[in-house]
Amino acid sequence: MPAPDGLLALNPREARTVDAVFERMFPADQNLPGAREIGVAAYLDRALAGAYAEHLGTYRIGLSLLDLASASRFGCDFVSAAESEQDTIIADLETGQIAKWSLPDQRAFFALLRAHLQEGLFSDPAYGGNRDKLGWKVLGHPGIWLSNSAEENLSAEPVTKGGRIQSLADVEEALAALPPEPPIPGFDPARGAEPPSDEADVVIVGVGGVGGFIAPDLAKAGLRVVGLEAGPWWRLADFRPDELGATYYCRAAMGPKFQREIPRWRRNVGDPASDLTFSLGRMMNGVGGSVIHYGAWLRRFPPHHLRFRSHIVERWGRHAIPEDSTVADWPVSYDELQPYFSEIERIVGIGGDEDNAFLPHDEPYPLPATRPFRMGEAFAAAARELGLHPHASPIGMTTRAYNGYPEMDYCAWNNGFGSWTGDKWHPALTSVREALTTGNFDLRTNCRVIRVIADSDGRARGVEYIDALGQPRTQLAATVILAAYTFENVRLMFLSGVGRHQNGLGNGAGQLGKHFMTKMFPHVDGYFPDTVFNRHTGPAAQAVVLDDFLDESFDSFAHGFIGGSTLGAENQFLPIQISRETLPDDVPGWGQRYKDHLRTWQHWAVVRMQPEALSYGSNFLDLDPSVRDRSGLGLPVLRVTYDLRENENRLAAFMEARSEEILQTMGASKTWRGPRFTGAGSSHDLGGCRMGDDPATSVVDRNLQVHDTPGLYVFSGAVFPTCAGVNPTLTLWALSLRATRGLVARLQGTAA
């Protein structure tokens, strides 16, 4: 067996060995090619010479040990062994049963092989695998199409696009022909390399989903505002339908800073820590933030969730609160946030229907809901048959032209990607531009804040940052707003401890990092042998959801737990996604049966959940005592201590059963559950800087100002006291807009 040509990282022997491994994990059969013909070994070699260079040593050792294991057991190297003997060795590797093997961990090495196999099979051919689009041909997936029709969304027959399979190379011309993005008056991409401004009224740390959103309110009020953003300004032309490179479940190339400071994670105090695991949640860095690549669901928190502790006590009594839970009420009410919800829905241009039976809308959404789609229609019909109340998820996409951007095209390469047309709203499209036009907003990109400065009286006075040229700088300001993601905001507050704040800013009462909550995303799959769903014909924003189990009328305690969950059906099914979908118990994770199973993807439907999570004293954030980031500065990374507690496990089990019931009503001949613990990191990571009126039990007040550090504000999901079973972005924007308006009034001396 010859080695792949033009090796960059592997030597010929290693290349032949890994090629043989991959071929057994995804074998050729009478009708279709396997990993060898698809070019997976060539993909791996190129990856190990570039993006995955850190894994080269692991492969060197692991492949050598596979040869030794084969020689010990069968008297020859792995390549020379019979196929059945090769399968035996791979099976032993998967279960950690190869004798005399110490490093690397066998199960971890198998998982690495399998992940890279999937990427080599199903990533774009530009990466060196998926040769001649053969991987997508094996799946029966048409690849990259920039638009899908209403007829395709509802088609009962497989949507094959006439048998044509398209890759990045095939759509480059169409992408290049899109209308040019409007210019950005007032933005200087080199500004981040210039000396700091004079003392500002406000410095915003992170001009992302929150910082970029509030910037125009501050600047239009005449305040001198400096915005420090660690990433660049991503232009529409920078976004591409590249599943491997872009998405947060693959390489997440749009978040290089985040990738260099991945938090550590342990389940409980005393357990060893490892790199944080993710369901969603690998963040972007750049103007506009991670809402650039989100799924665009924009839903309000249920009103009772803003007084959740009181709701529990009033309905079921104090004894219903689980042991160790620190569940609390918010210091602001739904009524206080309601006008901001309505205003934001107009700013963004949210599309939705008026069919939510549990949270009536005060005024119509600016845009209509997304089009119906086949799986959504089947889900909705089954839900109604069961007495439930489905409705289209409200989304921040242009179901009609809005804000100067075109109507959405229902491209499935959406969740996990930035939009190349501007059809998915984020602050860089409108809000940051508005702030710049005032002349009061000094935006500095590629500038990383490393510490908040506080004076001897404990008041925030500015920030230290590393500028775009790598030079340390200081920006003074009367007010500092931390508007980065939950993890970075908490980390900065710990790292800024000095003087009277030795243990971190906001930590005078030992509350910093406490009450951490994260969202799991369990799901249940169903197999429908006679139904085709065509989930590749639309984005994840095309979704139908249930609020029945979120409403305050749901008697969760009668079922043995506190809390609720969204249940929903959404579109978008891309090649690598398909390869990584949860498998039924009777399907192995590699080999011919795995390959055969993947080819049935058109017949899979899924119900996804967003279960709520209570806060607990045992789930918290702090700094890892030994691990440093890879930024070049060597700052401590954050450590997440988090596990699912008994209440959340019971909640998930109930929702899994309801999901199975829906799928069976839809006509599934078989259902199977995905993992319940999907990762300790998600894009819904909340808490750590709890908002409250009592400084003894919270970090920030109702205006989001840190109790023990005047002049320092935290505009972030870190302040949330509860974790509702809906996406938090809209509620975070409403809370932040309210706090911004209050801050402007106080700074201008006009507060009531």
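The rules behind these values
Residues numbered from 1 in each chain as written. Predicted model: local features only at pLDDT ≥ 70, side-chain atom pairs only at ≥ 80, totals over all residues. Heavy atoms only, no water. Helix = DSSP H or I, 4+ residues; strand = E, 2+ residues; numbered from the N terminus. Expected span 1.5 Å × (residues − 1). Buried < 20%, exposed > 50% of the residue type's maximum accessible area, 1.4 Å probe, protein only. Axes fitted to C-alpha atoms, helices over the stretch in contact; angles between N-to-C directions. Contact = heavy atoms within 4.5 Å. Pairing = 2+ DSSP bridges. Core = buried A, V, L, I, M, F, W, Y, C linked by side-chain atoms within 4.5 Å. Salt bridge = Lys/Arg side-chain N within 4 Å of Asp/Glu carboxyl O. Parallel < 35°, antiparallel > 145°, perpendicular 65-115°, else oblique. Nonpolar A, V, L, I, M, F, W, Y, C, P; charged D, E, K, R; others polar. Polar contact = N/O pair within 3.5 Å; in protein donor to acceptor, adjacent residues only side chain to side chain. Phe/Tyr/Trp six-rings, centres within 6.5 Å; stacked < 30°, edge-to-face > 60°. Lys NZ or Arg CZ within 6 Å of the ring centre and 35° of its normal.

**Q** So what about helix H14 (residues 334–348)? Which residues, and what values?
**A** Between the first and last C-alpha of H14 there are 20 Å, a value that for 15 residues agrees with the 21 Å anticipated at 1.5 Å per step. Every buried residue belonging to H14 is among Tyr334, Leu337, Tyr340, Phe341, Ser342, Ile344, Glu345 and Val348, and all of these are buried. Backbone geometry just after H14 places Gly349 at a positive phi near 85°.

**Q** Now, about the packing of helix H5 (residues 83–95) against helix H6 (residues 106–122): what can you tell me, with residues and values included?
**A** With their axes 6 Å apart at the nearest point, H5 and H6 run at an angle of 115° to one another. Together, Ile90, Asp92, Leu93, Glu94 and Thr95 of H5 and Gln106, Arg107, Phe109, Phe110 and Leu113 of H6 make up the contact between the two elements.

**Q** Any details on the sheet that holds strand E4 (residues 274–275)? Residues and values, ideally.
**A** Across the sheet, which stays open at both edges, the four strands sit in the order E4-E3-E15-E14 with mixed pairing between neighbours. What marks the edges here is a single partner per strand, and that holds for E4 and strand E14 (620–628). In terms of strand pairing, strand E3 (residues 264–266) meets strand E15 (residues 636–641) through three bridges, oriented parallel. By the bridge assignment for E15, Trp265 is matched with Val640.

**Q** Mind laying out the pairing of strand E9 (residues 472–482), listing which residues take part and the relevant values?
**A** Pairing between strand E1 (residues 200–205) and E9: five bridges, direction parallel. Following the sheet pairing, Val202 is matched in E9 by Thr479. When strand E8 (residues 460–466) meets E9, the two strands line up antiparallel, connected through five bridges. Note on E9: the bridge partner recorded for Tyr465 is Arg473. In sequence, E8 turns back onto E9 through a hairpin of five residues, with Gly470 there showing a positive phi of about 85°.

**Q** I'd like to hear about the nonpolar core, residue by residue, with values.
**A** Membership of the largest hydrophobic core comes to 115 residues, with the highest contact counts inside it found for Leu218 and Phe441. For this core, the element with the highest residue contribution is helix H21 (residues 729–747), accounting for nine residues. Once residues lying within four places of it in the same chain are set aside, the contact partners of Leu218 are Val202, Ile204, Leu223, Val225, Ile481, Thr740, Leu743 and Val744. Core analysis: the second largest hydrophobic core is formed by 76 residues, Leu10, Ile89, Met284 and Leu429 among them.

**Q** Describe the pattern of salt bridges, naming the residues involved and giving the relevant values.
**A** In this structure the tally under the stated criterion is 49 salt bridges. Of the charged contacts in the structure, one is a salt bridge between Asp547 and Arg299, with a shortest N-O distance of 3.1 Å. In this pair, Asp547 sits in the loop between strand E11 (543–546) and strand E12 (565–570) while Arg299 sits in the loop between E4 and helix H13 (308–316), placing the two residues 248 residues apart along the sequence. Exposure remark for Arg299: the relative accessible area of 4% places this residue in the buried category. The partner of Arg451 in a salt bridge is Glu464, and the shortest N-O contact between them spans 2.7 Å. Taken together, the positions of Arg451 in strand E7 (residues 448–454) and Glu464 in strand E8 put the pair 13 residues apart, joining distant regions of the chain. You can call Arg451 partly exposed: its relative accessible area is 23%. A residue is classified by how much of its surface remains accessible, and Glu464, at 24% relative accessible area, is partly exposed. In this structure, a network of salt bridges that share partners links the residues Lys257, Glu261, Arg448, Glu488, Arg491 and Asp629.

**Q** Describe the side chain of Ser70, naming the residues involved and giving the relevant values.
**A** Counting through the fold element by element, Ser70 comes out in helix H4 (residues 56–74). The class of Ser70 is buried, set by a relative accessible area of 0%. In contact with Ser70, not counting residues within four places along its chain, are Gly75, Cys76, Asp77, Phe78, Ala81 and Ile89.

**Q** Break down the sheet that holds strand E10 (residues 523–527) for me, with residues and values.
**A** Read from one edge to the other, the open sheet built from six strands follows the order E5-E11-E12-E13-E10-E16, with strand pairing classed as antiparallel. Each edge of the open sheet carries a strand with a single partner, namely strand E5 (390–392) and strand E16 (670–673). Sheet twist, expressed as the mean angle between neighbouring strand axes with direction ignored, is 25°. In the sheet, E11 pairs with E12 via four bridges, with the strands oriented antiparallel. What sits directly across from Val545, in E12, is Gly568. Helix H20 (residues 646–666) rests against E10, E11, E12, strand E13 (604–611) and E16 of the sheet, and its axis sits at about 150° to E13.

**Q** Mind laying out the environment of Gln259, listing which residues take part and the relevant values?
**A** Along the polypeptide, Gln259 turns up in helix H12 (residues 256–259). Taking the relative accessible area as the measure of exposure, Gln259 reaches 22% and is therefore partly exposed. Filtering out sequence-adjacent residues up to four positions away, Gln259 remains in contact with Arg251, Ala252, Arg282 and Arg630.

**Q** Kindly report on the packing of helix H1 (residues 12–25) against H5, identifying the contributing residues and their values.
**A** One can describe the packing of H1 onto H5 by two numbers: an axis separation of 10 Å at closest approach and a directional angle of 90°. Viewed along their axes, H1 and H5 adopt a mutual orientation that is roughly perpendicular. On H5, the residues that touch Ala20, Val21, Arg24 and Met25 of H1 are Glu83, Gln86, Asp87 and Ile90. A breakdown of the residues in the contact of H1 with H5 according to their chemical character gives four nonpolar, one polar and three charged.

**Q** I'd love a proper account of H6, names of residues and values included.
**A** With 17 residues, H6 extends 24 Å between its outermost C-alpha atoms, agreeing within 8% with the 24 Å of an ideal straight helix rising 1.5 Å per residue. Across the 17 residues of H6, 13 count as buried, placing the element largely inside the fold. Capping the start of H6, Asp105 holds a side-chain oxygen 3.2 Å from the backbone nitrogen of Arg107, two or three residues further along.

**Q** Describe the packing of aromatic side chains, with residues and values.
**A** If you walk through the whole model with that rule in mind, you get 31 aromatic pairs. Residues Phe213 and Trp425 carry aromatic rings whose centres are separated by 6.3 Å and whose planes lie at 85° to one another, so their mutual orientation is edge-to-face. Of the two residues, Phe213 is situated in helix H10 (residues 211–220) and Trp425 in the loop between E5 and helix H16 (431–437); the sequence distance between them amounts to 212 residues. Of the two residues, Phe213 and Trp425, neither departs from the other in class, the shared state being buried. The ring of Phe677 has Arg267 lying over it, and the distance from NZ or CZ to the ring centre is 4.6 Å. When the ring centre of Phe620 is taken as origin, the NZ or CZ atom of Lys514, which lies over that ring, is 4.8 Å away.

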